[in-house]
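# Understanding the architecture of this molecule
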Amino acid sequence: RAKAQPAASPEAGAGPVHADGEPMVRTEQVWKWFGSTDVLRGVDLAVHPRQTLVLLGPSGSGKSTLLRCINALERPDSGLLEVDGQRVGLRSGGGRLYQLTEGELCRQRARIGMVFQRFNLFPHMTALENVTLGPRRVLGLSREQAEAEAERLLTRVGLRDKLDSYPAQLSGGQQQRVAIARALAMKPHVMLFDEPTSALDPELVGEVLDVMKDLARQGMTMIVATHEIGFAKEVADTVAMLDGGVIIESGPPGECLVAPKEERTRAFLSKVL
Ligand code: ADP
Ligand code: MG
């Protein structure tokens with residue numbers, strides 16, 4: 001490896017550092033099928049540190065499956081997946097590759113923050129408890145350390161006054177912001193967002209997008225599956241259009257969204273705009 005550089009994001013924790021110029025997330029010819037259905041058909045992606053990739057594509061095109069593969073929630077049937085220079089779900093030893101154990105997988109996943117369409121907060125825990133759980137269990141932080149960090153993160157997402165609220169007492173937008181704080185508490189090197197605003201009432205979408213814009217500005221590496229074209233225009237470094245399990249077009253938003261080359265991209269954009 002060439003000379004290493006410090007972790008890319010202000011939220012990034014200790015861990016392996018990637019060599020200069022290496023992508024934070026790399027996929028090469030990733031294939032995934034369920035039964036006889038090819039869901040991903042050779043996906044190639046590279047997302048560099050501090051960059052935001054917006055993943056567009058119609059429902060069923062494979063966006064969630066791709067994100068779940070990057071986070072090792074699904075195992076691809078073939079191809080290469082790397083996050084921060086490490087093979088996802090695998091480790092090498094003695095010239096061979098081995099599947100990670102559950103514990104190793106858990107630690108690897110901790111570096112890959114994921115925010116889902118449904119917020120998936122623990123209903124019986126307060127906002128603060130939802131955010132401290134992972135750092136205490138997985139990172140081994142003391143209660144005091146975890147709470148101090150959770151308070152800082154909940155403040156950052158605008159929820160300073162909701163630390164002791166239960167999910168049922170929070171709006172969808174507030175719950176999603178707790179979910180973002182919870183992911184950040186694990187000091188991820190990359191954040192994956194799977195349609196984070198599509199379950200929200202329209203008036204709550206902006207507050208969640210604002211938090212995500214702020215994160216991008218601060219240098220978090222992000223992959224965001226969304227239909228929010230305005231967000232893509234403003235925040236994305238790269239837009240990738242997934243259709244039928246392949247990336248049919250990708251490039252800067254000023255090209256891909258303004259003058260798409262592919263007819264299918266044009267058709268998709270005309271539906272979501
Ligand atoms: P998107 O997020 O773009 O809507 P998905 O990745 O959710 O797309 O789904 C892509 C395709 O894979 C769909 O046809 C879906 O039905 C199928 N699929 C996703 N997960 C599974 C699964 N666990 N078992 C079988 N088929 C699945
Ligand atoms: Mg999906």
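Structure: see above.
The notes below deal with the structure included here. Just so it is clear, the model here is predicted, and its values are computed rather than measured. Residue positions are given per chain, counted from 1 along the sequence in the order it is written. As a convention, the first chain written is A and the first ligand written is 1, with the rest following in written order. The predicted nature of this model means local features are confined to residues of pLDDT at least 70 and side-chain atom pairs, given and counted, to a pLDDT of 80 or more, with totals for whole chains, interfaces and linings taken over all residues. In computing side-chain properties, one takes all heavy atoms of the structure into account and sets aside hydrogens as well as water.

Here the focus is the nonpolar core. Take the buried Ala, Val, Leu, Ile, Met, Phe, Trp, Tyr and Cys residues and link them wherever side-chain atoms come within 4.5 Å; each set so joined is a nonpolar core. Relative accessible area decides the class of each residue, using a 1.4 Å probe on protein chains only: under 20% of the type maximum gives buried, over 50% gives exposed, and in between gives partly exposed. One finds Leu56, Leu154, Ile180, Met191, Phe193 and Met212 to be the most contacted residues of the largest nonpolar core, which totals 48 residues. Counting residues per element, this core draws most heavily on helix H6 (residues 202-217), which supplies eight residues. The contact criterion used is simple: two residues touch if any of their non-hydrogen atoms lie within 4.5 Å. Not counting the four nearest positions on each side in its chain, Ile180 is found in contact with Val115, Met191, Phe193, Val208, Val211, Met212 and Leu215. Core analysis: the second largest hydrophobic core is formed by 28 residues, Ile70, Ala72, Val88 and Ala240 among them. Strands here mean DSSP runs of E at least two residues long; helices mean DSSP runs of H or I at least four residues long; both are numbered from the N terminus.

Our focus in this paragraph is the side chain of Thr126. Along the chain, the position of Thr126 falls in the loop between strand E8 (112-115) and helix H3 (127-137). Given a relative accessible area of 7%, Thr126 falls into the buried group. Beyond its immediate chain neighbours, meaning those up to four positions away, Thr126 contacts Leu163, Asp164, Ser165 and Tyr166.

Okay, the sheet that holds E8 next. Two strands qualify as a pair provided DSSP detects at least 2 bridges between them. Strand order in the open sheet formed by six strands is E8-E9-E10-E3-E11-E12, with mixed pairing between adjacent strands. This sheet does not close on itself; its edge strands, each paired only once, are E8 and strand E12 (246-251). Neighbour-to-neighbour, the strand axes of the sheet open up by a mean angle of 20°, direction not taken into account. As defined by bridge partners, E8 adjoins strand E9 (residues 190-194) across four bridges and the pair is classed as parallel. Bridging across to E9, Ile112 finds its partner in Val190. Axis definition: a line fitted to C-alpha atoms, limited for helices to the stretch in contact. Angles are taken between N-to-C directions and run from 0 to 180 degrees.

Relative to each other, helix H4 (residues 143-156) and helix H5 (residues 172-184) sit at 135°, their axes nearing to 9 Å. Here H4 is positioned oblique relative to H5, judged by the angle of their axes. The interaxial crossing formed by H4 with H5 has right-handed handedness. Here H4 contributes Leu153, Leu154 and Arg156 to the contact with H5, which in turn contributes Val178, Ala181 and Leu184. Here the nonpolar group is Ala, Val, Leu, Ile, Met, Phe, Trp, Tyr, Cys and Pro; Asp, Glu, Lys and Arg are the charged ones; every other residue, Gly included, is treated as polar. Taken together, the residues of the contact of H4 with H5 sort by class into five nonpolar, no polar and one charged. Oblique is the label for every angle not falling under 35 degrees (roughly parallel), over 145 degrees (roughly antiparallel), or within 65 to 115 degrees (roughly perpendicular). In this scheme, a crossing is called left-handed if the near helix is turned counterclockwise away from the far one by less than a right angle; it is called right-handed if the turn is clockwise.

Any functional reading would require information beyond the geometric quantities listed.
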